[in-house]
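One letter stands for each residue in the lines below.
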Amino acid sequence: MFRHGLFLRFISKKVFFIFISIALIIAYTIYATNTCLVRSLPYILKNDELTKFPSALSILSTARPESRSHNNKATVVRLVPLLTWSGLAEEQRKVEKNASKDGAPKYRFLRQQGLHPVRRLPDALVIGVKKSGTRALLEFIRLHPDVRAAGSEVHFFDRHYSNGFTWYRHKMPPTLEGQITMEKTPSYFVTKEAPVRVHQMNPTTKLLVVVRDPVTRAISDYTQVASKRLNKDMKSFEELAFVNGSQCGIVNTSWGPVRIGVYARHLERWLKYFPLQQMLFVSGERLVVDPAAEMARVQNFLGLKHVVTEKHFYFNATKGFPCLMKSEGRSTPHCLGKTKGRNHPHIRPAALERLRQFYRPFNLRFYQMTGINFGWS
Ligand SMILES: Nc1ncnc2c1ncn2[C@@H]1O[C@H](COP(=O)(O)OS(=O)(=O)O)[C@@H](OP(=O)(O)O)[C@H]1O
């Protein structure tokens, strides 16, 4: 009994020492590996430009730039956790903000790889229709790595045509061979000169047209104008949509928001220059209820792999619209801005019905021309 107890004490002492030794060896190995890894990083990366590239930055120190000098013996190196997606995007934003577009580190990085992004005229245009979901379409398609798009509306074919194609090309983002360059300006669809001008630029340009029930579209258009005139007097929708403001009378076809919705008329002009197969009609309504399905059509049309799928979207109940899990510029879930998805004013049912009546024959004609029934009542 006594001998047995002594034996156990001897064993547990031995086990204790073995345990402590192993722990010390492990601790030292981890310390040595980390120190070696961090010290050697600048040499592994060698190129200073590369160290600015965010993916490489993920394991660099957060020390201030002046203390990051490779030759400085007193280099302060702190181990930081790998950058999260949002951290990466934040770094990318900071780097891009401080660099001119052509000289942005990501392009310099690509050039080092022997790739040369250059600014090209667009291969595909979102030509309209205003207030139908054109921004949503552009934001969704630019999630695709093979698509690069101008962020804001360029208005080349309507307002700035006299500036010439070189000016236009410089408004485009640099792209690599094989990437699609895109731009969206919804007013092109209703600009008389736009079809011939786009054709002159490139007769094979792919054209995307987002369309929405013309009655809702007109109200959305009106809401936008009203929102910009907050404190000023503004006539009611009915007063503007009908001649002399009569609710059940004559529709005011000279009022822009009404005229834009006569899609068949505008389409006729485009069809004089472009075959129907070169145009894709995207349903603004489906873009809201089933964005992934509509984006599948868009990717087919552009000859792209289906990269933008259900997993990129979630429905935001507060916004009442599909929003993005992440995008080109942001890695966190986010929705389109406040100017998209505004509350519409109440319009009297009789006025709505009169407008529907007005649009019905034009809508039918549009369905025939496109071969798609958009289901507007
Ligand atoms: N995902 C998502 N989020 C927010 N809004 C969305 C979305 N998808 C489509 N829409 C609809 O887009 C309408 C604005 O259309 P456009 O982007 O073409 O407007 S604009 O012509 O560029 O001003 C906007 O119109 P309003 O609702 O009248 O504001 C929306 O209904």
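None of these values were measured; they are calculated from a predicted model. (Residues numbered from 1 in each chain as written. Predicted model: local features only at pLDDT ≥ 70, side-chain atom pairs only at ≥ 80, totals over all residues. Heavy atoms only, no water.)

Section: the UniProt feature "active site" (unreviewed entry) in the protein
Going by this rule: UniProt positions are given in the numbering used here, feature names are shortened, and annotations may be inferred rather than shown by experiment. Strands here are runs of E lasting at least two residues and helices are runs of H or I lasting at least four, both read from the DSSP assignment and numbered beginning at the N terminus. Residue exposure (1.4 Å probe, protein chains only): buried if accessible area is under 20% of the type maximum, exposed if over 50%, otherwise partly exposed. In this description, contact between two residues means that some pair of their heavy atoms is separated by no more than 4.5 Å.
Mapped onto this structure's residue numbering, the UniProt feature "active site" (unreviewed entry) falls at Lys 131. Here Lys 131 is to be found in the loop between strand 2 (124-128) and helix 6 (134-141). Classification of Lys 131 by relative accessible area gives buried; the value is 13%. Once residues lying within four places of it in the same chain are set aside, the contact partners of Lys 131 are Arg 212, Arg 217, Ser 220, Asp 221, Gln 224, Thr 339, Lys 340 and Arg 342.

Focus on the UniProt feature "binding site: 3'-phosphoadenylyl sulfate" (unreviewed entry) in the protein
Mapped onto the present numbering, the UniProt feature "binding site: 3'-phosphoadenylyl sulfate" (unreviewed entry) falls at Lys 131, Ser 132, Gly 133, Thr 134, Arg 135, Arg 212, Ser 220, Lys 340, Gly 341, Arg 342, Asn 343 and His 344. Take Ser 132: it is sitting in the loop between strand 2 and helix 6. Here Ser 132 falls in the buried class, since its relative accessible area comes to 4%. Residues in contact with Ser 132, not counting those within four places in the same chain, are Val 210, Val 211, Arg 212, Arg 217, Tyr 263 and Gly 284. Looking at where Arg 212 falls in the secondary structure, it is placed in the loop between strand 6 (206-211) and helix 9 (214-228). Ignoring sequence-local partners within four residues, the contact set of Arg 212 consists of Lys 131, Ser 132, Arg 217, Ser 220, Tyr 263, Glu 285, His 344 and Trp 376.

Examining the packing of aromatic side chains
Put simply, the test is: Stacked, edge-to-face and tilted labels apply to pairs of Phe, Tyr and Trp rings (six-membered ring for Trp) whose centres lie within 6.5 Å, assigned for plane angles under 30 degrees, over 60, and everything in between, in that order. Charge-over-ring contacts are defined here by two conditions on Lys NZ or Arg CZ: a distance within 6 Å of the ring centre and an angle within 35 degrees of the ring normal.
Counted by the stated rule, this structure contains 24 aromatic pairs. Through a chain of ring-to-ring contacts, three or more aromatic side chains come together here, namely Phe 156, Phe 157, Tyr 161, Phe 165, Trp 167, Tyr 168 and Tyr 188. Over the ring of Phe 301 we find Lys 206; its NZ or CZ atom is 5.5 Å from the centre of that ring.

Some thoughts on the state of the cysteines
Covalently bonding the sulfur atom of one cysteine to the sulfur atom of another cysteine gives a disulfide. How we decide: Disulfides are defined in this document as cysteine sulfur pairs within 2.5 Å.
Applying the stated criterion across every chain, the model contains one disulfide. Here Cys 323 connects covalently by a disulfide to Cys 335, the sulfurs 2.1 Å from one another. Across the S-S bond linking Cys 323 and Cys 335, the dihedral sits near 100°, which makes this disulfide right-handed. Of this pair, Cys 323 sits in strand 9 (residues 321-324) while Cys 335 sits in the loop between strand 9 and helix 15 (349-370), and the two are 12 residues apart along the sequence.

A word on the site of the ligand
Applied cut-off: By convention in these notes, a residue is near a molecule or strand provided one of its non-hydrogen atoms lies within 4 Å of it. Two N or O atoms count as a polar contact when they lie within 3.5 Å, although within protein this holds only if one can serve as hydrogen donor and the other as acceptor, and sequence-adjacent residues are included solely when both atoms are side-chain atoms. Throughout, the Shrake-Rupley method with a 1.4 Å probe supplies accessible areas, and for residues the shown protein chains are the sole cover considered. In the scheme used here, Gly and all other residues not listed as nonpolar or charged are polar, with Ala, Val, Leu, Ile, Met, Phe, Trp, Tyr, Cys and Pro taken as nonpolar and Asp, Glu, Lys and Arg as charged.
Lining the immediate surroundings of the ligand are 23 residues, of which Thr 134, Lys 184, Ser 220, Gly 341 and His 344 lie closest. In the environment of the ligand, an oxygen atom lies 2.6 Å from a nitrogen or oxygen atom belonging to the side chain of Ser 220. Between the ligand and Gly 341 there is a distance of 2.7 Å, counted from an oxygen atom to a backbone nitrogen or oxygen. For the ligand, the protein covers 96% of the area, taking 640 Å² as the surface of the free molecule. The element contributing the most residues to the shell around the ligand is helix 6, with four residues. The residue makeup of the shell around the ligand, split by class, is seven nonpolar, eight polar and eight charged.

Quick notes on the pairing of strand 8 (residues 313-316)
Going by this rule: Pairing between strands is defined by DSSP: at least two bridges between the two strands are required.
Across four bridges, the pairing between strand 8 and strand 9 is antiparallel. Paired with Asn 316 across the strands is Phe 321, a residue of strand 9. Remark: four residues form the turn of the hairpin made by strand 8 and strand 9, two consecutive strands paired antiparallel; Gly 320 in that turn has positive phi of roughly 80°.

Notes on helix 14 (residues 291-301)
Taken as a whole, helix 14 has its buried residues at Pro 291, Ala 292, Glu 294, Met 295, Val 298, Gln 299 and Phe 301. Backbone geometry just after helix 14 places Gly 303 at a positive phi near 70°.

What to know about the pattern of salt bridges
Basically, it comes down to this: Note on definitions: salt bridges are taken to be side-chain nitrogens of Lys or Arg within 4 Å of carboxyl oxygens of Asp or Glu.
Taken as a whole, this structure holds 10 salt bridges when the rule is applied. A salt bridge links Asp 221 to Lys 130; the nearest nitrogen and oxygen atoms lie 2.9 Å apart. Taken together, the residues Asp 221 in helix 9 and Lys 130 in the loop between strand 2 and helix 6 connect sequence positions 91 residues apart. Relative accessible area serves as the criterion here: at 2%, Asp 221 is assigned to the buried category. Owing to a relative accessible area of 29%, Lys 130 belongs among the partly exposed residues under this scheme. Arg 360 is the salt-bridge partner of Glu 353, the closest N and O atoms lying 3.7 Å from each other. For Glu 353, a relative accessible area of 38% gives the class partly exposed. Looking at Arg 360, the relative accessible area reads 35%, which means it is partly exposed. Shared partners join several salt bridges into a network, and the residues in it are Lys 130, Arg 217 and Asp 221.

Observations regarding the sheet that holds strand 2
To keep things clear, this is the line we draw: Each axis is a line fitted through C-alpha atoms, and for a helix only the stretch in contact is used; angles between axes span 0 to 180 degrees, taken between their N-to-C directions.
Spatially, the five strands line up as an open sheet ordered 3-5-2-6-7, and their pairing is parallel. Since the sheet does not close on itself, it has two edges, and those belong to strand 3 (147-149) and strand 7 (279-283), each with one partner. If you compare each strand with its neighbour and ignore which way they point, the axes differ by 25° on average.

Brief notes about the side chain of Thr 191
Relative to the assigned elements, Thr 191 resides in the loop between strand 5 (180-184) and helix 8 (194-201). Overall, the relative accessible area of 12% leaves Thr 191 in the buried class. Apart from the residues within four sequence positions on either side, Thr 191 is in contact with Phe 157, Asp 158 and Arg 269.

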